Amino acid sequence: LANLKDGRLKGANLKGADLTSASLDGADLSGANLTDATLARASLQEANLSGANLSGQDLSETSLQRASLRGANLQKLRGLKDVTRADFRGADLRGANLLGAVDYAGATAKFQGAKYDRDTRWPKGFDVEGSGAVLAAEEKPAVPPGEAPAAVKPPVPEPSADPKPTAGFQR
């Protein structure tokens, strides 16, 4: 049980680190590599994760209240839960599963300029277009001469039985 509250870990290589139940509240983890780290039950409230690499992480038991994830690599992230007042501006959310994300204060999480793709999954009722998130350009495989490229389908939002937004993210 590590107490790294307010720690200065800017650019740290924490790849594969076991940070289970660690207190990282207020820590500066900007530019840190957290791939393959274990963050189960960790607290990252008010942490600076700007530019950090959290690709593939499962954050289902991790609090990100008021955390800054600006420009962070969150590709294939899964299990997000508490995103109250979190800042995802410019983050890479391609392939991320945000279905369980909740903003307990209403529309306070920020997504302007965050990149997403057709594999990104948003919470029910989330207004992707209104959030300011941007659809990332698809990587185009090389097309042999004389052949037409395959059509790219736009992302399909998660179906919602309730026409009103239920995931109060900021627009």
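Residues numbered from 1 in each chain as written. Predicted model: local features only at pLDDT ≥ 70, side-chain atom pairs only at ≥ 80, totals over all residues. Heavy atoms only, no water.

Asker: Give me the lowdown on unusual backbone geometry, citing residues and values where you can.
Answerer: Backbone geometry places S21, a non-glycine residue, at a positive phi of 60°. Inspection of the secondary structure assignment puts S21 in the segment before β1 (115-116). Residue classification places S21 among the partly exposed residues on the basis of a relative accessible area of 26%. One non-glycine residue, R85, adopts positive backbone phi at about 60°. In this structure, R85 sits in the segment before β1. Take R85: its relative accessible area is 48%, and that puts it in the partly exposed class. (Helix = DSSP H or I, 4+ residues; strand = E, 2+ residues; numbered from the N terminus. Buried < 20%, exposed > 50% of the residue type's maximum accessible area, 1.4 Å probe, protein only.)

Asker: Outline the nonpolar core, supporting the account with residue identities and numerical values.
Answerer: Of all hydrophobic cores here, the largest spans 42 residues; its most connected members are L49 and L69. Once you skip the residues sitting within four places of it in the chain, L49 turns out to touch L29, S30, L34, L44, L54, L64, S68, L69 and A72. (Core = buried A, V, L, I, M, F, W, Y, C linked by side-chain atoms within 4.5 Å. Contact = heavy atoms within 4.5 Å.)

Asker: I'd like a rundown of the packing of aromatic side chains, residues and numbers included.
Answerer: The geometry of two aromatic rings is summed up by the distance between their centres and the angle between their planes. Following the criterion strictly, the structure yields five aromatic pairs and no others. Aromatic pair F111 and W122: ring centres 5.8 Å apart, planes at 75°, arrangement edge-to-face. One end of the pair, F111, is in the segment before β1; the other, W122, is in the loop between β1 and α1 (128-131), with eleven residues separating them in the sequence. On the accessibility criterion, W122 (6% relative accessible area) is buried. Judged by centre distance (5.5 Å) and plane angle (65°), the ring pair of F111 and F126 falls under edge-to-face. Placement of F111 in the segment before β1 and of F126 in the loop between β1 and α1 is noted, with a sequence separation of 15 residues between them. No difference in accessibility class separates F111 from F126, as the two residues are buried. (Phe/Tyr/Trp six-rings, centres within 6.5 Å; stacked < 30°, edge-to-face > 60°.)

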